[in-house]
Amino acid sequence: MFDLITIVLVLGLLLFAGYTAMQGLGKFPRRTTDDVTPYLRSTEIHELESLLDPAQEVNFSLRLSPPEFVAWQRKRIHLMREYLLRMCHNSLVLIEWGNTEAFGEPITASNKTDKQLMAHELVQAATEFRLYSLLALAKLRLWLLCPTSLWFLLRSPSLPGLRNVFGINALASYSRLKNAAETLSLAFSADFQHELAARL
């Protein structure tokens, strides 16, 4: 039995190492300002705010019959997942761009430029939101895998419960990400900032 457990653990580690290596090989080579906005996916932050609004969910739960509410809620879970997939992708693009700007030239603590400091802030903000989105997406996936028949027996999934995941507030984290991206983009040009802001 011990040998079987050891083999399973070793295989798991090898699969994880292989997956990590494949991800590294397929990584975008060096993301510059020219490689940011064309790769961003459009997001609707006001739609995300609406999905996370507890008043809206309570209102519909009172107005709809239980089967209607479950069907409505399942569609909203799919929509939330779609928005988070886009935003998670965007945060990765911004992390790659931020790393290029932060580590593009040799630096020491004494010669960090304002642009590099802004890039560090962007990387931190984008990493925080990416962590939130990955955790929230895992939770949404579990909800979607659960048959809706169980929703009548158990408590129905609640999207406003995803406003905070592991201490990360979705809207505050995304606002920090957007502000950091706009601040860094303004260091290049106002046109670039407007273009980037329109995509986020």
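Residues numbered from 1 in each chain as written. Predicted model: local features only at pLDDT ≥ 70, side-chain atom pairs only at ≥ 80, totals over all residues. Heavy atoms only, no water.

S.K.: Before we go on, may I ask you to explain the overall build of the protein chain in this structure?
M.R.: Within the protein chain one finds eight helices and two strands. The N-to-C order of helical and strand elements in the protein chain reads α-α-α-α-α-α-β-β-α-α. Taking as baseline every contact in the protein chain between residues at least 6 positions apart, the subset at least 24 positions apart corresponds to 79%. If you sum the accessible surface of the protein chain, you get close to 11,800 Å²; carbon and sulfur atoms cover 62% of it. (Helix = DSSP H or I, 4+ residues; strand = E, 2+ residues; numbered from the N terminus. Contact = heavy atoms within 4.5 Å. Areas by Shrake-Rupley, 256 points an atom, 1.4 Å probe, with all protein chains shown as cover.)

S.K.: I keep staring at the nonpolar core and nothing clicks. Help me out?
M.R.: Side chains that are nonpolar tend, in soluble globular proteins, to be buried together. Counting 41 residues, the largest nonpolar core has M80, L94, Y132, L140, L162 and L196 as the members making the most contacts within it. At the level of secondary structure, the elements contributing two or more residues to this core comprise helix 2 (45-51), helix 4 (66-102), helix 5 (114-145), helix 7 (170-186) and helix 8 (190-199). (Core = buried A, V, L, I, M, F, W, Y, C linked by side-chain atoms within 4.5 Å. Buried < 20%, exposed > 50% of the residue type's maximum accessible area, 1.4 Å probe, protein only.)

S.K.: Even after reading the chapter, I still don't get the side chain of S185, so can you show me in this structure?
M.R.: Along the polypeptide, S185 turns up in helix 7. Those residues in contact with S185, other than ones at most four positions away along the chain, are W97, F192, Q193 and L196.

S.K.: Would you take a moment to explain unusual backbone geometry for this structure?
M.R.: The phi angle of most residues is negative, glycine excepted, and most peptide bonds adopt the trans form. Look at F166: it is not a glycine, yet its phi comes out positive at around 50 degrees. In this fold, F166 is placed in the loop between strand 1 (164-165) and strand 2 (168-169). Residue classification places F166 among the exposed positions, given a relative accessible area of 75%.

S.K.: Help me understand the pattern of salt bridges in this model?
M.R.: Per the counting criterion, the structure on display carries five salt bridges. One salt bridge connects R76 with E57, and the closest N-O pair in it is separated by 3.3 Å. With R76 in helix 4 and E57 in helix 3 (residues 54-63), this pair connects stretches of sequence that are 19 residues apart. You can call E57 buried: its relative accessible area is 9%. The salt bridge involving R176 is made with E128; its shortest N-O contact spans 3.7 Å. With R176 in helix 7 and E128 in helix 5, this pair connects stretches of sequence that are 48 residues apart. The partly exposed category is assigned to R176, whose relative accessible area is 29%. (Salt bridge = Lys/Arg side-chain N within 4 Å of Asp/Glu carboxyl O.)

S.K.: Help me understand a nonpolar patch on the surface in this model?
M.R.: On the surface, I7, V10, L11 and L14 cluster together into a nonpolar patch covering about 370 Å² of accessible area. When you line up the elements, L11 lands in helix 1 (residues 2-25). (Patch = residues over 30% accessible without salt bridge, like charges linked within 9 Å, V, L, I, M, F, W, Y side chains within 5 Å.)

S.K.: For this particular structure, what's the right way to read the side chain of S133?
M.R.: Mapped onto the secondary structure, S133 falls in helix 5. Excluding anything up to four places from it in sequence, S133 contacts L84 and C88.

S.K.: Sorry, what's going on with the packing of helix 7 against helix 8 here?
M.R.: Relative orientation and spacing of two packed helices are given, respectively, by the angle between their axes and the distance between those axes. It is at 7 Å that the axes of helix 7 and helix 8 come closest, and there the two elements cross at 155 degrees. The orientation of helix 7 with respect to helix 8, classified from their angle, is roughly antiparallel. The handedness of the crossing between helix 7 and helix 8 is right-handed. Of the residues in helix 8, those in contact with K178, A181, E182, S185 and L186 of helix 7 are A190, F192, Q193, L196 and A197. Taken together, the residues of the contact of helix 7 with helix 8 sort by class into six nonpolar, two polar and two charged. (Axes fitted to C-alpha atoms, helices over the stretch in contact; angles between N-to-C directions. Parallel < 35°, antiparallel > 145°, perpendicular 65-115°, else oblique. Left-handed = near helix turned anticlockwise from the far one by under 90°. Nonpolar A, V, L, I, M, F, W, Y, C, P; charged D, E, K, R; others polar.)

S.K.: Just checking my understanding: could you explain the packing of aromatic side chains for this structure?
M.R.: Any pair of aromatic rings gets described here by the distance separating the centres and the angle formed by the planes. As enumerated under the stated definition, the model contains seven aromatic pairs in all. With centroids separated by 5.7 Å and ring planes inclined at 35 degrees, the aromatic side chains of F69 and W72 adopt a geometry described as tilted. Of the two residues, F69 and W72 are both situated in helix 4; the distance of three residues between them amounts to about one turn of the helix. The exposure class assigned to F69 is buried, which follows from its relative accessible area of 11%. Residues W97 and F192 carry aromatic rings whose centres are separated by 5.5 Å and whose planes lie at 85 degrees to one another, so their mutual orientation is edge-to-face. Here the residue W97 occupies a position in helix 4, and F192 occupies one in helix 8, the gap between them amounting to 95 residues. The exposure class assigned to W97 is buried, which follows from its relative accessible area of 0%. Judged by its relative accessible area of 9%, F192 falls in the buried class. When the ring centre of Y39 is taken as origin, the NZ or CZ atom of R31, which lies over that ring, is 5.0 Å away. (Phe/Tyr/Trp six-rings, centres within 6.5 Å; stacked < 30°, edge-to-face > 60°. Lys NZ or Arg CZ within 6 Å of the ring centre and 35° of its normal.)

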